[in-house]
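Chain residues, written in single-letter form:
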Amino acid sequence: MDEKEKLIVFDTTLRDGEQAPGFWMNTDSKLKIAYALADLGVDVIEAGFPGSSKGDWNAVYKIAEEVKGPEICGLARCIEKDIVAAGTAIEPATARGKGRIHVFIATSQVHRENKLRKSKQEIIDMAVSGIELAKSYTDNIEFSCEDFGRTELEYTVEVVNAAIAAGATTINLPDTVGYRFPTEIEKMVKYVIEKTRGVGKKIIYSIHAHDDLGNASVDTLYAVGAGVRQVEVTMNGIGERAGNSALECVIAGITERPDFFPGIYTDIITEKIIPVSRLLSGITGKHPQLNNPITGRNAFRHSSGIHQDGVNKDKNTYEWISPERYGGCGEMPLTARSGQNQVKRTLDEKKIPYDPEDIGNIMARFKDYADGVDEVYDDVLVMAVRGDNAIPEYYRMDSDAFEPGIRNNQAYARMTMGRDGTEEQICGYGNGMIDAAKDAINKSTGLSLDIMGYKSVSTTTGANAEGIETVIAKNNGYTVRGVGVDCDTVRGAAKAYLDASNRMRYVLEHTSPS
Ligand code: KIV
Ligand code: ZN
């Protein structure tokens, strides 16, 4: 007999995550994320707060209509207007037995007295009548004591007992302002569960933690240890203020440390975590911190020589978590800290020919170049091997004759390009003027580089500020960095892409790609 217990994953990326400044999404974007979350295997999608705006109601309704699989949940305060909005927005999901209403009311003293200005009994009465009204839409009712983390435990017990008696099926205990440490959460949650577990009723207890002290994901895991069987999380930990518990951290905790969570499983398809994280970043334009666990760009990158050597000998030294299990791959970027073994290994892997007898000189040049940059790309590696101090200017652009613009809703860039001793007038088209400039340069060079990263940094102030545009570009398995300086961003970006194209040609001329 399978004795394992399922942990319900309640994703609130589209509600608590989306409500944070900088993460607003339109209905189409929300729908894309909802499909991806369903694909990832989350059990509940909190799709929004339908009573907060017409736009959010529409988004929740659309998701409830189209996204099949997980339960679709709408958030509501314990007030009639919100509950009606949530009940009607999730109606298409309720019709197939998958609609949930999440009602909440604050229970801590500071919220009761200073925000809601209600007595303890009035709060309980509002919770009960909110749950009763929600039940006219669905039997699947989640109830949250907002600011549980700072609520008197005995009062929480009273409120939760009343909520269960009124018909709540999931009881959520939020540390709304991220006040508690993990061991406190563990004790508090255990206490409430013991004192309120409804006789003969199957109540799911849930945790919802915020990251104000940086503990949200660990609080969540400790609450699982204390008996909750639902975790409320967001992708990349986005959410109000410092954010929510991160889906990737909580799932990795459960997955990587089964000794800590014996008998617990989730239906998350872990290999889809990094792809969904990237989808969210692509849509919002906000990337997780480089060092974010699991989904940060550096989470599985090893840069120091000692670490690279260890991982090359046995992954378990520093890469004990398999990146592939989360849809990523381990990487060994070359930096000033990389050692000779990793440099040789990279040269072999990238088919960059070198004389093994000359490795001492190559390493000396490599260290010189590497000291000034965060990462060494393939153009600089080839320079270190060959002892070149500069990259040939295969392609040139006449900056004065550069003319970007938009005509009939179509972005264009006209320029004079020089190539192998000849000059020509070229016009490119694209989604924007930078894209059009890239098209024109591609027409002249015959190359087409994939842009992996683009950064624009202003070096002076004012409207006429000079900017440094940096492009990381890939082609044929090689990566280069191109830089352009100009007080016009579009022209600077074109210069950076042109620089990358020159560097790529240099790399391709001196390597033997397969
Ligand atoms: O943090 C919180 O308390 C919430 C509730 C609405 C559950 O987001
Ligand atoms: Zn929250």
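Caption draft 1: Spotlight on the overall build of the protein. Check the secondary structure of the protein and you find 18 helices and 17 strands. By sequence separation, contacts in the protein at least 24 residues apart represent 66% of the contacts at least 6 residues apart. With the model as given, the accessible surface of the protein reaches about 23,100 Å², and the carbon-plus-sulfur share is 49%. In the protein, which carries 59 positive and 75 negative side-chain charges, the distance between the mean positions of the two groups comes to 1 Å.

Caption draft 2: Inspection of the site of ligand 1 at higher detail. The immediate surroundings of ligand 1 are formed by Arg15, Asp16, His102, Phe104, Ser144, Glu146, Asn172, Pro174, Thr176, His208 and His210. Within the side chain of Arg15, an N or O atom sits 2.9 Å from an oxygen atom of ligand 1. Within the side chain of Thr176, a nitrogen or oxygen atom sits 2.6 Å from an oxygen atom of ligand 1. For ligand 1, whose unbound accessible area comes to 260 Å², protein coverage reaches 94%. Mapped onto the shell around ligand 1, the elements with two or more residues apiece are helix H1 (13-17), strand E5 (99-106), strand E6 (141-146) and strand E7 (170-175). Split by residue class, the shell around ligand 1 holds 2 nonpolar, 6 polar and 3 charged.

Caption draft 3: Structural view of the nonpolar core. Residues Leu40, Ile45, Val103, Phe143, Ile171, Val189 and Leu247 are the most contacted members of the largest nonpolar core, which totals 84 residues. Sort the elements by how many residues they give to this core and helix H8 (residues 153-166) lands first, with 7 residues. Filtering out sequence-adjacent residues up to four positions away, Val103 remains in contact with Ala76, Arg77, Cys78, Ile83, Gly130, Ile131, Ala134, Ile141, Glu142, Phe143 and Ser144. Within the second largest apolar cluster, 46 residues are counted, among which are Met383, Leu449, Ala473 and Leu498.

Caption draft 4: Structural view of the sheet that holds strand E16 (residues 467-475). Sheet architecture is open: 3 strands sit in the order E15-E16-E17, paired in antiparallel fashion. Lying at the two open borders of the sheet, with one neighbouring strand each, are strand E15 (450-458) and strand E17 (478-486). Pairwise comparison of adjacent strand axes, ignoring direction, gives a mean angle of 15° for this sheet. The pairing of E15 with E16 spans 8 bridges and is antiparallel. Paired with Lys455 across the bridge in E16 is Thr470. Running over the sheet, helix H18 (residues 489-509) touches E15, E16 and E17 and is turned about 145° from E17.

Caption draft 5: Seen up close, a nonpolar patch on the surface. Together, Val457, Ile468, Val483 and Val485 make up a nonpolar patch on the protein surface, roughly 250 Å² of accessible area in all. Examined against the element boundaries, Val457 turns out to sit in strand E15.

Caption draft 6: Inspection of the domain arrangement of the protein at higher detail. For the protein, the domain assignment lists domain 1 (5-284), domain 2 (305-386) and domain 3 (395-509). In this structure, domain 1 and domain 3 have C-alpha centres spaced 46 Å apart.

Caption draft 7: Molecular detail of the sheet that holds E6. Sheet architecture is closed into a barrel: 8 strands sit in the order E2-E3-E4-E5-E6-E7-E8-E9, paired in parallel fashion. Between one strand and the next, the sheet's axes are offset by a mean angle of 25°, whatever the strand orientation. Bridging between strand E4 (residues 71-77) and E5 involves 6 bridges; their strand directions are parallel. If you follow Cys73 over to E5, its bridge partner there is Arg100.

Caption draft 8: Highlighting H18. The end-to-end C-alpha separation of H18 is 30 Å, in line with the 30 Å expected for 21 residues at 1.5 Å each. The backbone nitrogen of Val490 has a side-chain oxygen 2.8 Å away, supplied by the residue at the start of H18, namely Asp488.

Caption draft 9: Summary view of the packing of helix H2 (residues 27-40) against helix H12 (residues 273-284). The interhelical angle for the contact between H2 and H12, taken along N-to-C directions, is 175°, at an axis separation of 10 Å. Our classification of the angle between H2 and H12 gives roughly antiparallel. Contacts between H2 and H12 involve Ser29, Lys32, Ile33, Ala36, Leu37 and Leu40 from the first element and Ile273, Val276, Leu279, Leu280 and Ile283 from the second.

Caption draft 10: Representation of the side chain of Asp11. Its place among the elements puts Asp11 in strand E2 (residues 8-11). Despite its burial, Asp11 pairs with no opposite charge; the closest candidate is Arg15, at 9.7 Å N-O. In this structure, Asp11 is in contact with Leu37, Val42, Val44, Ile45, Glu46, Val233, Thr234, Met235 and Leu247, ignoring residues within four places of it in sequence.

Caption draft 11: Structural detail: the pattern of salt bridges. Per the stated rule, a full pass over the model turns up 37 salt bridges. One salt bridge in this structure joins Asp358 and Arg365, with 3.7 Å as the shortest N-O distance. Residues joined in a network through salt bridges with shared partners are Arg419, Asp420, Arg505 and Glu509.

Caption draft 12: How the structure looks around the packing of aromatic side chains. Per the stated rule, a full pass over the model turns up 3 aromatic pairs. Note on Phe260 and Phe261: the rings are 5.8 Å apart at their centroids and 55° apart in plane angle, and the pair reads as tilted. Between Tyr394 and Tyr395 the ring centres are 6.2 Å apart and the planes differ by 50°, which places this aromatic pair in the tilted class. Of the two residues examined, Tyr394 and Tyr395, each falls in the buried class. Sitting over the face of the ring of Trp57, Lys54 holds its NZ or CZ atom 4.6 Å from the ring centroid.

Caption draft 13: Here's a closer look at the confidence of the model for the protein. When pLDDT is averaged along the protein, the result is 96; 99% of the residues meet or exceed 70. When the elements of the protein are averaged for pLDDT, E15 gives the smallest value, 92, and E2 the largest, 99.

What counts and what doesn't
- Residues numbered from 1 in each chain as written.
- Chains lettered and ligands numbered in written order.
- Predicted model: local features only at pLDDT ≥ 70, side-chain atom pairs only at ≥ 80, totals over all residues.
- Heavy atoms only, no water.
- Helix = DSSP H or I, 4+ residues; strand = E, 2+ residues; numbered from the N terminus.
- Contact = heavy atoms within 4.5 Å.
- Areas by Shrake-Rupley, 256 points an atom, 1.4 Å probe, with all protein chains shown as cover.
- Lys, Arg positive; Asp, Glu negative; His and termini not counted.
- Charge placed at Lys NZ, Arg CZ, Asp CG, Glu CD.
- Near = heavy atom within 4 Å.
- Polar contact = N/O pair within 3.5 Å; in protein donor to acceptor, adjacent residues only side chain to side chain.
- Nonpolar A, V, L, I, M, F, W, Y, C, P; charged D, E, K, R; others polar.
- Core = buried A, V, L, I, M, F, W, Y, C linked by side-chain atoms within 4.5 Å.
- Buried < 20%, exposed > 50% of the residue type's maximum accessible area, 1.4 Å probe, protein only.
- Pairing = 2+ DSSP bridges.
- Axes fitted to C-alpha atoms, helices over the stretch in contact; angles between N-to-C directions.
- Patch = residues over 30% accessible without salt bridge, like charges linked within 9 Å, V, L, I, M, F, W, Y side chains within 5 Å.
- Salt bridge = Lys/Arg side-chain N within 4 Å of Asp/Glu carboxyl O.
- Domains from an automatic or database assignment.
- Expected span 1.5 Å × (residues − 1).
- Parallel < 35°, antiparallel > 145°, perpendicular 65-115°, else oblique.
- Phe/Tyr/Trp six-rings, centres within 6.5 Å; stacked < 30°, edge-to-face > 60°.
- Lys NZ or Arg CZ within 6 Å of the ring centre and 35° of its normal.
- pLDDT = per-residue confidence, 0-100.

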